[in-house]
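Listed below, chain by chain, are the residues.
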Amino acid sequence: MSQASAPGKIILFGEHAVVYGRPAIAAPVTDVRTTVTVEPAANGVQRIISRKIDLDVRLDEILPGFWGAEVLNGVRNALDLEAFPPFKMTIDSSIPVASGMGSGAAVAVAAIRALARFAGKALADETVNRIAFETEKLHHGTPSGIDNTVVTFARPVYFVQEQPIEILKVPAPFTVVIADTGIPSPTALSVGDLRRAWTHDRARYEEIFDHIGALAREARAAIESGHPDSLGRLMDENHRWLYEVGVSSPELDTLVNAARSAGAAGAKLSGGGRGGNIVALATPDSAPRIAAALSAAGATATIITSIGD
Ligand code: PMV
């Protein structure tokens, strides 16, 4: 039996603009994880099971375009194997699905590593990341690659599409509260809508993406110089731009406002938007109060976590 696990993730700055070449910052959230177990199967079948999403598929029966097939072929090619022996792959995950916490990327990364181990091998992180990116294309259409990158390396990253990965130094770890609207929101929809809007008025959207990119650069400087306290204002500004481009929602705005009223230094939606999660800057002292206020305002789940520990 072989096993691998991967964390969830949260985007702190720069979502959506990152698809258009601007920088973004994301960090792993180790409080939620996906664990994938691969064991030999006696019945000659390759099977993937996930109780959480009611998935039970045989890989010989599925259509091309299923992420599991992409993972299997990617690992087989990377390891130069003819074929995999029959196996049963079981996915267990505490990462909420379609909520901007990287659940798809975590499943892919854990599955890739577990399958390689099942074959008695290990893959370089760069290879894991490359195969996971192929599965992200199936989920998202035109992903930037930020999700698979932060989940593969499990470190805070400063990410620019098609640039070498930059791991962020975090000399002063900081506390954030993550809160879920409970509304699933497939990233492909908000990314697609924004793409259509951009096509009709490129100048306007490019200017907004420039503003968002500048915020990500400023945030990086604050994080790396050990002064994360200024991130609150940057989060507020980032949320305003995301609202402007139409990827927020009344529920996200309600949670963002509730976090600020409860003492968060700033807050924003995180990920694709329309539903999913918000992230708020807190302190170890204020975080429980902010989390309670978010629950009272309708959040279906909250996570208090430290970035950079
Ligand atoms: O997977 P999500 O919902 O966290 O969104 C990923 C971030 C986007 O910038 C919206 C899309 C992308 O591919 O970078």
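Quick note: structure is the one above.
Since the structure is predicted, the reported quantities are computational estimates derived from the model, not experimental observations. (Residues numbered from 1 in each chain as written. Predicted model: local features only at pLDDT ≥ 70, side-chain atom pairs only at ≥ 80, totals over all residues. Heavy atoms only, no water.)

J.: What is the right way to look at the site of the ligand in this model?
T.: Taken together, 16 residues sit near the ligand, with Lys9, His16, Ser144, Asp147 and Thr187 positioned nearest. Lys9 has a polar side-chain atom sitting 2.6 Å from an oxygen atom of the ligand. Considering the ligand on its own, with 380 Å² of exposed area, one finds that the protein chains cover 97% of that surface. For the shell around the ligand, the secondary-structure elements that each account for two or more residues are β1 (2–13), α4 (146–153) and α5 (187–200). Tallied by class, the residues present in the shell around the ligand amount to six nonpolar, seven polar and three charged. (Near = heavy atom within 4 Å. Polar contact = N/O pair within 3.5 Å; in protein donor to acceptor, adjacent residues only side chain to side chain. Areas by Shrake-Rupley, 256 points an atom, 1.4 Å probe, with all protein chains shown as cover. Helix = DSSP H or I, 4+ residues; strand = E, 2+ residues; numbered from the N terminus. Nonpolar A, V, L, I, M, F, W, Y, C, P; charged D, E, K, R; others polar.)

J.: Hey, could you run me through α4 in this one?
T.: Along an α-helix, a turn takes 3.6 residues, which lines up residues three or four apart on a common side. Among the eight residues in α4, eight count as buried, and that is most of the element. For α4, the full list of buried residues reads Ile146, Asp147, Asn148, Thr149, Val150, Val151, Thr152 and Phe153. Turning to α4, the residues buried within the fold contact β1, β2 (24–40), α2 (103–118), α3 (125–140), β6 (157–159) and β7 (166–167). Following α4 by one or two positions, Ala154 adopts a phi angle in the positive range, close to 50°. (Buried < 20%, exposed > 50% of the residue type's maximum accessible area, 1.4 Å probe, protein only. Contact = heavy atoms within 4.5 Å.)

J.: Help me out: how do you make sense of the packing of aromatic side chains in this one?
T.: Describing an aromatic ring pair means giving the distance of the ring centres and the angle of the ring planes. The final tally for this structure, using the stated rule, is seven aromatic pairs. Look at Tyr20 and Trp198: their rings are 5.2 Å apart centre to centre, the planes differ by 50°, and that puts the pair in the tilted class. Taken as a pair, Tyr20 in the loop between β1 and β2 and Trp198 in helix α5 lie far apart in primary sequence, 178 residues in all. Each member of the pair Tyr20 and Trp198 is classed as buried. Between Tyr20 and Phe209 the ring centres are 4.5 Å apart and the planes differ by 20°, which places this aromatic pair in the stacked class. In this pair, Tyr20 is assigned in the loop between β1 and β2 and Phe209 in helix α6 (residues 202–224), connecting sequence segments 189 residues apart. Just as Tyr20 is buried, Phe209 falls in that class too. What links up through ring pairs into an aromatic cluster is the set Tyr20, Trp198, Tyr205 and Phe209. Between the NZ or CZ atom of Arg195 and the centre of the ring of Trp198, over which it lies, the distance is 5.1 Å. A cation over a ring is seen here: Arg204 above Tyr205, with NZ or CZ 5.0 Å from the ring centre. (Phe/Tyr/Trp six-rings, centres within 6.5 Å; stacked < 30°, edge-to-face > 60°. Lys NZ or Arg CZ within 6 Å of the ring centre and 35° of its normal.)

J.: Got a minute to help me understand the packing of helix α8 (residues 250–261) against helix α9 (residues 287–296) in this structure?
T.: What describes two packed helices is the angle between their axes and the distance between those same axes. Following both chains from N to C, one finds α8 and α9 inclined at 145°, their axes separated by 9 Å at the closest point. The way α8 lies across α9 gives a crossing that is right-handed. Within the contact between the two elements, α8 uses Leu255, Ala258 and Ala259 and α9 uses Ile290, Ala293 and Leu294. Its residues placed into classes, the contact of α8 with α9 shows six nonpolar, no polar and no charged. (Axes fitted to C-alpha atoms, helices over the stretch in contact; angles between N-to-C directions. Left-handed = near helix turned anticlockwise from the far one by under 90°.)

J.: Would you mind going over α2 with me for this structure?
T.: If you check α2, its first and last C-alpha atoms are 22 Å apart, about what 16 residues at 1.5 Å a residue would give, namely 22 Å. Judged by how many residues are buried, α2 sits mostly within the fold: 14 of 16 residues are covered. Positioned one or two residues after α2, Gly120 has a phi angle of 80°, which is positive. (Expected span 1.5 Å × (residues − 1).)

Function-wise, these values are silent; they only describe arrangement.
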